[in-house]
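A closer look at the structure
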Amino acid sequence: MSVEVAELTPLEQDAFAEIANMGVSRAAASLRQMLGEQVLLSVPAVHIVNRETAAKLAERGTGSRLVAVQQGFEGPFSGRALLIFPEAQSLELVRSIIGGDQSLEDVIDLEHEALAETGNVILNACLATIANVLRKTMRMSLPTVIRGDGATLFAAPPGGADLVLFLYIDFTIKRHDMHGFIALLMDLPSIAALKEIVQDFIKKVQK
Amino acid sequence: MNYTVLVVDDSRLARMVMASAFRRLRPEWTLVEAIGADEALGAIASDPIDIALIDFNMPGLDGLELVARIRERAPEMPIALVSANLQDEIIARARELKAAFIAKPLTDEALGAFLSGASLRLRKAKQ
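Residues numbered from 1 in each chain as written. Chains lettered and ligands numbered in written order. Predicted model: local features only at pLDDT ≥ 70, side-chain atom pairs only at ≥ 80, totals over all residues. Heavy atoms only, no water.

1. What to know about the overall build of chain A
Rule in force here: Numbering goes from the N terminus for both helices and strands, where a helix is a DSSP run of H or I of at least four residues and a strand is a run of E of at least two. When we talk radius of gyration, it's over C-alpha atoms, and the globule rule is simply 2.2 Å times the number of residues to the 0.38. Here the term buried applies to any residue with accessible area under 20% of the maximum for its type, exposed to any over 50%, and partly exposed to those in between, with areas from a 1.4 Å probe on protein chains only. Only heavy atoms matter for contacts: two residues are in contact if any of them lie within 4.5 Å across the pair. Using the Shrake-Rupley algorithm and a 1.4 Å probe, accessible areas are obtained, with residue cover drawn only from the displayed protein chains. Charge counting follows a simple rule: Lys and Arg are positive, Asp and Glu are negative, and His as well as the terminal groups are ignored. Charge coordinates come from a single atom per side chain, which is NZ of Lys, CZ of Arg, CG of Asp or CD of Glu.
When you go through chain A residue by residue, the secondary structure sums to seven helices and eight strands. Rg of the C-alpha trace for chain A: 17 Å, near the compact-globule value of 17 Å for 207 residues, within the 12% margin. C-alpha atoms of chain A, sized along the principal axes, occupy 55 × 35 × 25 Å. Counting over 207 residues, chain A shows a buried share of 51%. For chain A, the proportion of contacts with a sequence separation of at least 24, taken over those separated by at least 6, is 73%. Accessible surface for chain A amounts to roughly 9300 Å². Of this, 52% is attributable to carbon and sulfur atoms. Computed over 18 positive and 25 negative side-chain charges, the inter-centroid distance for chain A is 7 Å.

2. Remarks on the nonpolar core
Put simply, the rule reads: Residue types Ala, Val, Leu, Ile, Met, Phe, Trp, Tyr and Cys, when buried and joined through side-chain atoms within 4.5 Å, form a set referred to as a nonpolar core.
Counting residues in hydrophobic clusters, the biggest one holds 60 residues, and the most contacted among them are F77, L134 and L165 of chain A. Leave out the neighbours within four places in its chain, and F77 of chain A touches I130, L134, M138, M186, S190, A193, L194 and I197 of chain A.

3. Description of the sheet that holds strand β4 (residues 79-83) of chain B
Whether parallel or antiparallel, the strands of a sheet pair through hydrogen bonds between backbone atoms. Residues and elements named next belong to chain B. Keep this limit in mind: At least two DSSP bridges between two strands are required for those strands to pair. Lines fitted to the C-alpha atoms define the axes, with helices restricted to the stretch that makes contact. Angles between their N-to-C directions range from 0 to 180 degrees.
The strand order across the open sheet formed by five strands is β2-β1-β3-β4-β5, and the pairing between neighbours is parallel. Either end of the sheet is taken by a strand with one partner, and the two such strands are β2 (30-34) and β5 (100-103). Looking at each pair of strands side by side, their axes are set apart by 20° on average, direction ignored. As paired strands, β4 and β5 are joined by four bridges and run parallel to one another.

4. Digging into the pattern of salt bridges
Our working definition: Every case where a carboxyl oxygen of Asp or Glu lies within 4 Å of a side-chain nitrogen of Lys or Arg is listed as a salt bridge.
Under the counting rule described, the total for this entry stands at 15 salt bridges over all chains. A salt bridge links E18 of chain A to K104 of chain B, with the shortest nitrogen-to-oxygen separation between them at 2.6 Å. Placement of E18 of chain A in helix α2 (residues 10-35) and of K104 of chain B in the loop between β5 and α5 (108-126) is noted, with the two residues assigned to different chains. Each of the two residues, E18 of chain A as well as K104 of chain B, counts as buried. Across the pair R24 of chain B and D108 of chain B runs a salt bridge, and its minimum N-O distance is 2.7 Å.

5. Comments concerning the packing of aromatic side chains
Basically, it comes down to this: Any two of the Phe, Tyr and Trp rings considered here, Trp counted by its six-membered ring, make a pair once their centres fall within 6.5 Å; the pair's planes then place it as stacked at under 30 degrees, edge-to-face at over 60, or tilted in between.
Counted by the stated rule, this structure contains six aromatic pairs over all chains. Ring centres of F22 of chain B and W29 of chain B lie 6.4 Å apart, and the angle between their planes is 40°; on these two criteria the pair is classed as tilted. For F22 of chain B, a relative accessible area of 3% gives the class buried. Members of the aromatic cluster, joined through ring pairs, are F154, F166, Y168 and F181 of chain A.

6. Details of the pairing of strand β8 (residues 178-187) of chain A
Residue and element names in this part refer to chain A. With eight of its 10 residues buried, β8 lies for the most part within the structure. One ladder, built from six bridges, connects strand β4 (residues 79-86) with β8; its direction is antiparallel. If you follow A81 over to β8, its bridge partner there is L184. Inspection of the sheet shows strand β7 (residues 163-173) paired to β8 by 10 bridges, in the antiparallel sense. Along β8, the bridge assignment pairs L167 with L184. The loop that links β7 with its antiparallel partner β8 comprises four residues; one of these, D177, has a positive phi angle of about 50°.

The structure is reproduced here in structure tokens:
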């Protein structure tokens, strides 16, 4: 791995954060529609870290029992987008989305499907915004639900690199005292591709 | 009439995108950039600012808190909150503070429409 790839210039760091921020802000607006109440966002963080560090960042403030809806994306750069929250809040989230009048059995029955669909709407809003900003087409896989600690969520695919670009934004839903985050994970070849695309984007903006 | 516009965004890229749109739409206007609420309030205290464009999600005071602070000094200044966060509460709060809302990703159409409305209001206020 070359040093140039692993390091972002301050402007690239800023550009990655701003583009992710637009994506996640749109995603939060979709989540707000589904929940019927406001979703608060933190400012975005951008790091190039190993997977273990990413896992620790994910567990900070949420504990190690996590549930995530993840969706792969592929295009000029590829990676995964994840909607992550503490496992203990999964049923509560599902219940707030499908409405409070369902029995616990129904909520448990619907949990998997509701999580996948919620993740699908939110992550698509995020990724589609990023694709539009960069004027690139991205294909998105179907959502899958994973449970486990940070290391399980961020495990490398076979042959996958350990170093990843990790972009994340915390969200809080006040009334339900719910907390989670939206993360984007990309490996080194994608970081290099994304750097080029962002540099082109910056050049166009400077004209 | 040329105006001075304050652009507040913690992201340099976002300020560059805004400056680029101004070069196409209102190249003769003056832009003053601020990276956050403190700089923005400083600029308003020292420069004759006519219009403000303010990002929502910033470290420190957020965009709405900043608009509220600006309103104490400049109750009639045309202001737009600029954000991809299209949540009802945020748009409603902007409206309460008499600020417009412009969605990110920024388009020339949305910015142009706001600037036309803003110049009209500023001209009327002068009469």
